[in-house]
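Listed below, chain by chain, are the residues.
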Amino acid sequence: MSSFLKLKRLRFYPWLSSLLILLIVVIVYGWALRGLKLDFELLRSSWPYITDFITRLFPPDWKVLDIAVKALIETVQMSLWGTTIGAILSVPIAIASASNIAPRWLRSLANLLQNTVRSVPSIILGLIFVAATGLGAPAGTLALGIYTIGYLAKFYQQAIEAVDPRSLESLQVIGASKLQIAQYGILPQVLPLGLGYTFWMFEYNIRAASVLGVVGAGGIGFQLKSYIDGFEYTKATTMMLVLLVVVTVIDAFSSQLRHRLDSM
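Here the structure is a predicted model, which is why all the values come from computation and not from measurement.

1. Let's talk about the UniProt feature "domain: ABC transmembrane type-1" (unreviewed entry) in the protein chain
- The UniProt record annotates "domain: ABC transmembrane type-1" (unreviewed entry) at residues 72-254.
- Structurally, residues 72-254 comprises 84% helix and 0% strand, and the distance from its first C-alpha atom to its last is 18 Å.

Next comes the structure, spelled out in structure tokens:
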């Protein structure tokens, strides 16, 4: 009889826990929807304005194609240097944040630094460096470099913490030094993941660089904002299409590269 009751409880409790989880999810989403204060009638009546704006974007004005290409090259250059600077600075922060390497006090400081950088929007970083260096690509490059740290440091940290501890223990048993453990135990496992994350961040920074142009931090975003402010929507469309083509090409290339790195 007691075994029958235990079996019944085992069947009942999973259903109860699933029901509670579902109830919590519904409550949370209901709370979030209430906070949005959506006016569905207003959304329904706004479609004519949306379609009117979209029709103004076409056809693209290909006369500004050369300007779009030059601005896009500057955007890629900003992203390349910004990602590189951020990646180099992220490595020591990630090592200091990893729970399987660094002491607790150092991890707390490094994680606080990561969280602080991530909490600052890229637009604010752009404004800070525009104030420091003036309008143009240098401000955008520095802003991207700092912005990159907030994400790559966390990605690198997770890659280090995912290292198989048995391989490190094996190296310790045979008397390997800390440098040798890092070189032969940690680096081979972290490098493919780290490179994959870095390429993903480079691709993402091209889009982020276009946003930074809104505050005058160079790149295609600066031209895009100028055309929209001047109601030259067809020229803005040309900028967006050129950006779409380049982002798609880079995404395809980086995806293939990440797959090869993952297979390593």
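Moving on, there is more to tell.
2. Focus: the UniProt feature "transmembrane region" (unreviewed entry) in the protein chain
- Sequence positions flagged by UniProt for "transmembrane region" (unreviewed entry) are, in local numbering, residues 12-32, 80-102, 123-147, 181-199, 206-224 and 236-254.
- Within residues 80-102, the helical portion is 78% and the strand portion 0%, while the C-alpha atoms at the span's ends are 30 Å from each other.
- The span residues 123-147 is 88% helical and 0% strand by assignment, and the distance between its end C-alpha atoms comes to 10 Å.

3. Thoughts on a nonpolar patch on the surface
- Taken together, the side chains of Ile21, Ile24, Val25, Val28, Tyr29 and Trp31 present a nonpolar region at the surface, about 700 Å² in accessible area.
- As for its position among the elements, Trp31 is in helix 1 (residues 2-36).

4. Some words on the packing of helix 4 (residues 65-97) against helix 9 (residues 178-212)
- Between helix 4 and helix 9, the shortest axis-to-axis distance is 8 Å and the interhelical angle comes to 130°. Classed by the angle they form, the pair helix 4 and helix 9 counts as oblique. Crossing of helix 4 against helix 9: the hand is right-handed. Of the residues in helix 9, those touching helix 4 at Thr75, Val76, Met78, Ser79, Leu80, Thr83 and Ala87 are Thr198, Met201, Phe202, Asn205, Ile206, Ala209 and Ser210.
- Taken together, the residues of the contact of helix 4 with helix 9 sort by class into eight nonpolar, six polar and no charged.

5. A look at the nonpolar core
- Among the nonpolar cores identified, the biggest contains 29 residues, and Leu144, Leu152, Val190 and Ala217 are the most heavily contacted of them.
- When residues of this core are traced back to their parent elements, those giving at least two are helix 4, helix 6 (122-133), helix 7 (137-161), helix 8 (165-173) and helix 9.
- At ten residues, the largest contribution of residues to this core is made by helix 7.
- Here Leu152 is in contact with Thr83, Ala87, Ser90, Tyr197, Thr198 and Met201, once residues within four sequence places are set aside.

Reading the values: rules and limits
Residues numbered from 1 in each chain as written. Predicted model: local features only at pLDDT ≥ 70, side-chain atom pairs only at ≥ 80, totals over all residues. Heavy atoms only, no water. UniProt positions renumbered as here; feature names shortened; annotations may be inferred. Helix = DSSP H or I, 4+ residues; strand = E, 2+ residues; numbered from the N terminus. Patch = residues over 30% accessible without salt bridge, like charges linked within 9 Å, V, L, I, M, F, W, Y side chains within 5 Å. Areas by Shrake-Rupley, 256 points an atom, 1.4 Å probe, with all protein chains shown as cover. Salt bridge = Lys/Arg side-chain N within 4 Å of Asp/Glu carboxyl O. Axes fitted to C-alpha atoms, helices over the stretch in contact; angles between N-to-C directions. Parallel < 35°, antiparallel > 145°, perpendicular 65-115°, else oblique. Left-handed = near helix turned anticlockwise from the far one by under 90°. Contact = heavy atoms within 4.5 Å. Nonpolar A, V, L, I, M, F, W, Y, C, P; charged D, E, K, R; others polar. Core = buried A, V, L, I, M, F, W, Y, C linked by side-chain atoms within 4.5 Å. Buried < 20%, exposed > 50% of the residue type's maximum accessible area, 1.4 Å probe, protein only.

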